[in-house]
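Read off the chains here:
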Amino acid sequence: MDIKQFDQEYIASTYSRLDLLLVKGQGSLCYDEKGKEYIDLGAGVAVNSFGFADSVWLAAVTRQLGRLQHACNYYYSEPQAILAEKLCTRTGFQKVFFSNSGAEANECAIKAARKYGQDHYGETRPNIVTLINSFHGRTIATLAATGQESMHRYFGPFPPGFLYAPANDIAAMETLLADGSVCAVMMELVQGEGGVNVLDTAYIQAVADLCAKNDVLLMVDEVQTGNGRTGALYAYMHYDIRPDIVTTAKGLGGGLPIGATMLGAKLENTLTTGTHGSTFGGNPVSAAGAVTILDRLTDKLMEEVREKSAYIKAGLSGAKGVKSVSGLGLMLGIETEKDAHALMEACMRQGVLVLVAKDRVRLVPALTIPFPQLTKAVDILKAEIER
Ligand SMILES: *Cc1c(COP(=O)(O)O)cnc(C)c1O
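This structure is a prediction, so every number in the text was calculated from the model and none was measured.

(A) Molecular detail of the environment of Lys-86. Tracing the backbone shows Lys-86 in helix H4 (residues 78-91). Separated by 17 residues in sequence, Lys-86 and Gln-69 have C-alpha atoms that sit 21 Å apart. Contact partners of Lys-86, with chain neighbours within four places excluded, come to Val-291, Leu-294 and Asp-295.

(B) Molecular detail of the site of the ligand. Surveying the vicinity of the ligand reveals the residues Ser-101, Gly-102, Ala-103, Asn-106, Phe-135, His-136, Gly-137, Glu-188, Asp-221, Val-223, Gln-224 and Lys-250. Gln-224 has a polar side-chain atom sitting 2.8 Å from an oxygen atom of the ligand. A distance of 2.7 Å separates an oxygen atom of the ligand from a polar side-chain atom of Lys-250. Notes on the ligand: free accessible area 390 Å², of which the protein chains cover 81%. Its residues assigned to classes, the shell around the ligand shows 3 nonpolar, 6 polar and 3 charged.

(C) The state of the cysteines, seen in detail. What the rule picks out here adds up to 0 disulfides. Cys-211 takes part in no disulfide bond, and the closest cysteine sulfur to it belongs to Cys-183, at a distance of 11 Å. The class for Cys-211 is buried, based on a relative accessible area of 1%.

(D) Highlighting the sheet that holds strand E3 (residues 37-40). Here 4 strands make up an open sheet; going across it, the order is E1-E2-E3-E15 and the pairing mixed. Of all the strands in the sheet, the pair left with one neighbour each is strand E1 (22-26) and strand E15 (352-353). Examined bridge by bridge, E1 and strand E2 (residues 29-32) share 4 bridges and lie antiparallel to one another. The partner of Leu-22 across the bridge, within E2, is Asp-32. Seen against the sheet, helix H12 (residues 371-386) touches E2, E3 and E15 and runs at an angle of roughly 95° to E3.

(E) Spotlight on the nonpolar core. Grouped together as the largest cluster of nonpolar side chains are 83 residues, with contacts concentrated most on Met-173, Met-187 and Leu-363. The contacts of Met-173, once residues within four sequence positions are left out, are Val-129, Leu-131, Ala-165, Val-185, Tyr-203, Val-207 and Leu-210. Listed in part, the 17 residues of the second largest apolar core include Ala-112, Tyr-116, Ala-184 and Met-219.

(F) Representation of the sheet that holds strand E14 (residues 331-336). Sheet architecture is open: 4 strands sit in the order E13-E14-E17-E16, paired in antiparallel fashion. Lying at the two open borders of the sheet, with one neighbouring strand each, are strand E13 (322-328) and strand E16 (355-357). Neighbour-to-neighbour, the strand axes of this sheet turn through a mean angle of 30°, independent of strand direction. Along the sheet, H12 makes contact with E13, E14 and strand E17 (360-363), crossing E14 at roughly 20°.

(G) The packing of helix H10 (residues 299-316) against H12, seen in detail. Interhelical geometry of H10 versus H12 gives an angle of 25° and a closest axis separation of 10 Å. Classified by the interaxial angle, the pair formed by H10 and H12 is roughly parallel. Between H10 and H12 the crossing geometry is right-handed. Contact residues: Glu-307, Lys-308, Tyr-311, Ile-312, Gly-315 and Leu-316 in H10; Phe-371, Leu-374, Thr-375, Val-378, Asp-379, Leu-381, Lys-382 and Ile-385 in H12. Its residues assigned to classes, the contact of H10 with H12 comprises 8 nonpolar, 2 polar and 4 charged.

(H) Molecular detail of the side chain of Gln-224. Following the sequence through the fold, Gln-224 ends up in the loop between strand E10 (217-221) and strand E11 (245-248). Gln-224 sits in the buried class, given a relative accessible area of 7%. Within the structure, the side chain of Gln-224 is placed 2.9 Å from the side chain of Arg-362, a separation counted as a polar contact. Non-local contacts of Gln-224, meaning those with residues more than four positions away in its chain, are made with Ala-46, Gly-192, Glu-193, Arg-229, Lys-250, Met-331, Arg-362 and Val-364.

(I) The arrangement of the environment of Ala-235 in detail. In this fold, Ala-235 is placed in the loop between E10 and E11. Taking the C-alpha atoms as reference, Ala-235 lies 7.2 Å from Glu-222; in sequence the two are 13 residues apart. Look past the residues within four positions of Ala-235 in its chain and what remains in contact with it is Leu-189, Glu-222, Thr-225 and Thr-230.

(J) Structural context of a nonpolar patch on the surface. On the surface, a cluster of nonpolar side chains totalling about 590 Å² of accessible area is made up of Met-1, Ile-3, Phe-6, Tyr-10 and Ile-11. Structurally, Tyr-10 can be placed in helix H1 (residues 3-10).

(K) A look at the packing of aromatic side chains. By the definition in use, this model includes 5 aromatic pairs. Arranged with centres 5.9 Å apart and planes meeting at 90°, the rings of Phe-6 and Tyr-10 form a pair that is edge-to-face. Here Phe-6 and its partner Tyr-10 are both found in helix H1, 4 residues apart, which amounts to about one turn of the helix. Between the aromatic rings of Tyr-74 and Tyr-75, the centroid separation amounts to 6.0 Å while the plane-to-plane angle is 50°, which identifies the pairing as tilted. Cation over ring: Lys-24 sits above Tyr-31, and NZ or CZ is 5.4 Å from the ring centre. Above the ring of Phe-162, the side-chain terminus of Arg-114 is found at 5.4 Å from the ring centroid.

(L) Inspection of the pattern of salt bridges at higher detail. Summed over all chains, the structure comprises 11 salt bridges. One salt bridge in this structure joins Arg-360 and Glu-335, with 3.6 Å as the shortest N-O distance. Separated by 25 residues along the polypeptide, Arg-360 in strand E17 and Glu-335 in strand E14 bring together distant segments of the chain.

Definitions and cut-offs
Residue positions within a chain follow its written sequence, with the count starting from 1. Only residues with pLDDT of at least 70 are given local features in this predicted model, and only at 80 or more are side-chain atom pairs given and counted; all residues enter the totals for whole chains, interfaces and linings. Side-chain measures here rest on the full set of heavy atoms in the structure, leaving out hydrogens and waters. A run of H or I in DSSP counts as a helix once it spans at least four residues, and a run of E counts as a strand once it spans at least two, with each numbered from the N terminus. Contacts are residue-level and defined by heavy atoms, with any inter-residue pair within 4.5 Å sufficient. We call a residue near a molecule or strand when any one of its heavy atoms sits within 4 Å of it. Definition of a polar contact: a pair of N or O atoms within 3.5 Å, with one able to donate and the other able to accept a hydrogen when the atoms are protein atoms, and with sequence-neighbouring residues admitted only if both atoms are side-chain atoms. Surface exposure here means Shrake-Rupley accessible area, sampled with a 1.4 Å probe, where a residue is shielded only by the protein chains that are shown. Asp, Glu, Lys and Arg are counted as charged, while Ala, Val, Leu, Ile, Met, Phe, Trp, Tyr, Cys and Pro are counted as nonpolar; the rest, among them Gly, fall into the polar class. Disulfides are defined in this document as cysteine sulfur pairs within 2.5 Å. Only protein chains enter the accessibility calculation, which uses a 1.4 Å probe; a residue is then buried when its area is under 20% of its type maximum, exposed when over 50%, and partly exposed in between. If DSSP finds at least two bridges between two strands, the strands pair. Helix axes are fitted only over the stretch in contact, all axes being lines through C-alpha atoms; the angle between N-to-C directions runs from 0 to 180 degrees. What is meant by a nonpolar core is a set of buried Ala, Val, Leu, Ile, Met, Phe, Trp, Tyr and Cys residues, joined one to another through side-chain atoms within 4.5 Å. If an angle is under 35 degrees, it is roughly parallel; if it is over 145, roughly antiparallel; if it lies from 65 to 115, roughly perpendicular; otherwise it is oblique. Put simply, a crossing is left-handed when the front helix is turned counterclockwise from the back one by less than a right angle, and right-handed when it is turned clockwise. Within this analysis, patches are made of residues with over 30% relative accessible area and no salt bridge. Like charges are joined at 9 Å or less; nonpolar side chains (Val, Leu, Ile, Met, Phe, Trp, Tyr) at 5 Å or less. Any carboxyl oxygen of Asp or Glu within 4 Å of a side-chain nitrogen of Lys or Arg constitutes a salt bridge here. Note on ring pairs: Phe, Tyr and Trp rings are taken, using the six-membered ring of Trp, and paired if centres are within 6.5 Å. Classes follow the plane angle, with under 30 degrees stacked, over 60 edge-to-face and the rest tilted. Only when the NZ atom of a Lys or the CZ atom of an Arg is both within 6 Å of the ring centre and within 35 degrees of the ring normal do we say a charge sits over the ring.

As structure tokens, then:
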């Protein structure tokens with residue numbers, strides 16, 4: 001059986017796969033079918049927060065798997081209730097809706113924002129402002145929300161009601177909010193897929209103020225930046241702001257699918273019975289794993305994330321062939337003279353897995369990657385950049 005051939009023949013060709021078949025992993029190390037070892041700086045796109053086969057996560061997941069692998073949302077089940085309580089307690093949000101992915105978490109946010117608008121302002125506030133160069137998902141609505149022209153080909157007509165603002169331009173945002181047609185602003189604080197662009201602090205705070213003043217909901221897409229990725233539990237916590245909605249997914253489940261839409265005080269009673277739902281949402285196995293992730297996102301771990309970030313930045317900024325290093329915590333983008341895709345392939349041959357975002361090499365390793373593996377991988381990446 002030739003796995004690569006089966007894949008190419010029978011799986012829709014939406015991915016341009018690298019020539020690598022992964023079969024197992026432990027921590028931040030993983031192995032192909034020939035036993036070759038790789039140091040993983042991608043963590044399955046910021047998903048495996050504690051690496052592969054983390055023992056605490058694995059024990060919780062396997063225990064739950066043997067007890068109750070799924071219970072539809074007709075019934076109560078323990079893991080999602082515990083996870084919801086922990087998420088709300090640690091963030092100050094009032095309610096959580098669970099789904100299975102980032103796109104679904106954002107769909108829920110979009111629905112909640114529209115309903116909030118209708119509940120309070122009738123049909124006058126259908127619009128949601130997102131930022132140019134953002135990424136919010138691949139469903140039709142979240143594609144419409146995504147502020148990239150190139151993503152708006154092929155699949156129209158898209159649902160109306162999305163307006164796009166250039167990032168870091170508060171005057172443009174003021175103009176879009178001026179006619180009173182906007183119910184919410186949705187943005188990433190670090191644009192991940194858009195190339196690891198950190199928004200300006202002053203801009204983030206000004207948007208938050210503007211939203212509060214106009215009763216426009218501030219929705220922060222933390223699908224990628226959430227769950228410790230940037231060196232804070234959620235990235236908004238760096239900025240002294242209080243969003244009305246925070247969405248998250250990727251790293252929350254530690255490798256199993258789960259999405260969460262956290263709703264603040266204004267939205268506590270917006271999503272009423274029957275207005276939203278999900279068959280798999282809040283799956284007990286995913287939620288049991290997520291509880292073990294959240295429990296270990298401690299201040300001490302956040303400090304380690306910031307230390308590792310500083311180490312990578314210091315090692316690569318100003319190095320030969322590096323134009324710039326952007327990002328926050330363990331979500332970093334490296335702009336290089338060499339082509340990022342070529343570097344990704346070269347690193348892979350040398351036993352290091354990195355990702356790409358736009359024209360940048362993207363590093364989103366497990367938060368717990370051991371320093372010796374990190375230093376070795378950064379040395380290899382640096383050598384490939386310089387070569
Ligand atoms: C990955 C990502 C999404 C989409 O998440 P999926 O789980 O692939 O649906 C949405 N928003 C941001 C910011 C992301 O990084």
